[in-house]
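Architecture at a glance
Now for the letters of each chain:
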Amino acid sequence: MKKILLTLSVLVALSACGSQAEEQPASAQPQEQAQSELKTMPVSYTDYQSAANKGLNDQKTGLTLPEHVVPTDNAEGKNLLHDFSDGLTLTVDTDKADKITAVRVVWNTDAMPQKAEKLFKAAAALIAATAPEDRTLLRDTGDQIKMAIDSHNAQKEPTREWARGGIAYKVTVTNLPSVVLTAKAE
């Protein structure tokens, strides 16, 4: 029970960490050609938003990704940053056609076990929405988060990586403590 509470408190204490898009080297190629080389997931932002809201609802988190929150244009494509009211931050990067290229979810741990569990479930649901047809990704993501937290608590490697369906997933527990989950098209 003590280990579960410690795990949940680590999860809850994690929250909104800022994120910066990785800088791409300057290229002499036309933007259209560079755009075609951008690797995307087989899901559009609209489909992701729908799957994310279904997952958040199914997990009974009380959170939603509002319809008015949409990616805005940047040099490489589009991106969004959304801070949920409970200390959870979501960033989504897409190409110009709104196909997802990367998703990042960050939260800081909290001492309250109920809030920690809510954020844990919400983060797993937001990552699992990258592959809405995959019925086991939500459970597997939760398992990977737990393993990363256990490793962090044992002062071992706090990062877990796995791939599925052309998407590379990663969860890292930092010393803040915070949990950072990413999904990126391979």
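Residue numbers here run from 1 along each chain, matching the order of that chain's written sequence. Local features in this predicted model are restricted to residues whose pLDDT is 70 or higher, and side-chain atom pairs enter the listing and the counts only when it is 80 or higher, whereas totals over whole chains, interfaces and linings include all residues. Here the side-chain values reflect all heavy atoms present in the structure, with hydrogen atoms and water set aside.

An unreviewed UniProt entry annotates the protein as Lipoprotein originating from Neisseria polysaccharea.

1. A closer look at the overall build of the protein
Rules: Note on conventions: DSSP H or I runs of at least 4 residues are helices, E runs of at least 2 residues are strands, and numbering of each starts at the N terminus. Burial here depends on accessible area, computed with a 1.4 Å probe over protein chains only, as a share of the maximum for the residue type. Under 20% is buried, over 50% is exposed, and the range in between is partly exposed. The contact definition used throughout considers only heavy atoms, calling two residues in contact when any of these lie within 4.5 Å. For accessible areas, the Shrake-Rupley method is used with a probe of radius 1.4 Å. Any residue's cover is judged against the shown protein chains and nothing else.
Looking only at helices and strands, one finds five helices and eight strands in the protein. Helices and strands appear in the protein in the N-to-C order α-β-α-α-β-β-β-β-α-α-β-β-β. Burial status across the protein gives 46% buried among its 186 residues. Here the contacts in the protein between residues at least 6 apart in sequence split such that 57% fall between residues at least 24 apart. Surface summary for the protein: the accessible area is close to 10100 Å², and the carbon and sulfur share equals 50%.

2. Considering the layout of surface pockets
Where empty space is left in the structure can be found by rolling a water-sized probe over the atoms. Threshold: A cavity, in this analysis, means grid points on a 1 Å lattice covering only the protein atoms where a 1.4 Å probe fits yet has no way out; a pocket is instead an open set bounded by protein on both sides within 12 Å along at least five of seven lines, and a residue lines either one if it has an atom within 4 Å of a point. Grid points are joined across faces, edges and corners, and a volume is the space filled by probe spheres set on the points. Classes in brief: Ala, Val, Leu, Ile, Met, Phe, Trp, Tyr, Cys and Pro nonpolar; Asp, Glu, Lys and Arg charged; the others, Gly included, polar.
Put simply, the second largest pocket is a space of about 310 Å³. Around the second largest pocket, the lining is made up of 15 residues, and of these Ala-51, Gly-55, Asp-58, Pro-132 and Arg-135 lie nearest the centre. The set of elements that each furnish at least two residues to the lining of the second largest pocket consists of α3 (45–58), α4 (113–128) and α5 (137–153). Tallied by class, the residues present in the lining of the second largest pocket amount to eight nonpolar, three polar and four charged.

3. Digging into the side chain of Gln-144
Relative to the assigned elements, Gln-144 resides in helix α5. Beyond its immediate chain neighbours, meaning those up to four positions away, Gln-144 contacts Arg-160, Trp-162 and Val-171.

4. Some details on the pairing of strand β3 (residues 78–84)
Inclusion rule: Strands qualify as paired when DSSP identifies two bridges or more between them.
On β3, burial follows the alternation: Lys-78, Leu-80, His-82 and Phe-84 on one face are buried, whereas Asn-79, Leu-81 and Asp-83 on the facing-out side are not. Here strand β2 (residues 72–73) pairs with β3 via two bridges, running antiparallel. Following the sheet pairing, Asp-73 is matched in β3 by Lys-78. Relative to strand β4 (residues 88–94), β3 is paired through seven bridges, and the arrangement is antiparallel. Its bridge partner lying in β4, Phe-84 is registered against Leu-88. Remark: three residues form the turn of the hairpin made by β3 and β4, two consecutive strands paired antiparallel; Gly-87 in that turn has positive phi of roughly 90°.

5. Observations concerning α3
Here is the rule we go by: Expected span of a helix, by definition, is 1.5 Å for each gap between consecutive residues, and there is one gap fewer than residues.
With 14 residues, α3 should reach 20 Å at 1.5 Å per residue; the first-to-last C-alpha distance of 19 Å fits that figure. Looking only at α3, the buried set comprises Tyr-45, Tyr-48, Gln-49, Ala-51, Ala-52, Gly-55 and Leu-56. The secondary structure elements touched by the buried residues of α3 are β3, β4, β5 (100–109) and α4.

6. Observations concerning the packing of α3 against α4
Here is the rule we go by: For helices, the fitted axis covers only the stretch in contact; all axes are lines through C-alpha atoms, and the angles between them, taken along N-to-C directions, range from 0 to 180 degrees. Angle categories are assigned with fixed cut-offs, so that under 35 degrees is roughly parallel, over 145 is roughly antiparallel, 65 to 115 is roughly perpendicular, and the rest are oblique. Two helices cross in a left-handed way if the nearer one is turned anticlockwise from the farther one by less than a right angle. They cross in a right-handed way if the turn is clockwise.
Running from N to C, α3 and α4 point in directions that differ by 150°, and their axes come no closer than 8 Å. Accordingly, the angle class assigned to the pair α3 and α4 is roughly antiparallel. Seen from above, α3 lies across α4 with right-handed handedness. Contacts between α3 and α4 involve Tyr-48, Ala-52, Gly-55 and Leu-56 on the former and, on the latter, Ala-122, Ala-125 and Leu-126. For the contact of α3 with α4, the per-class residue count stands at six nonpolar, one polar and no charged.

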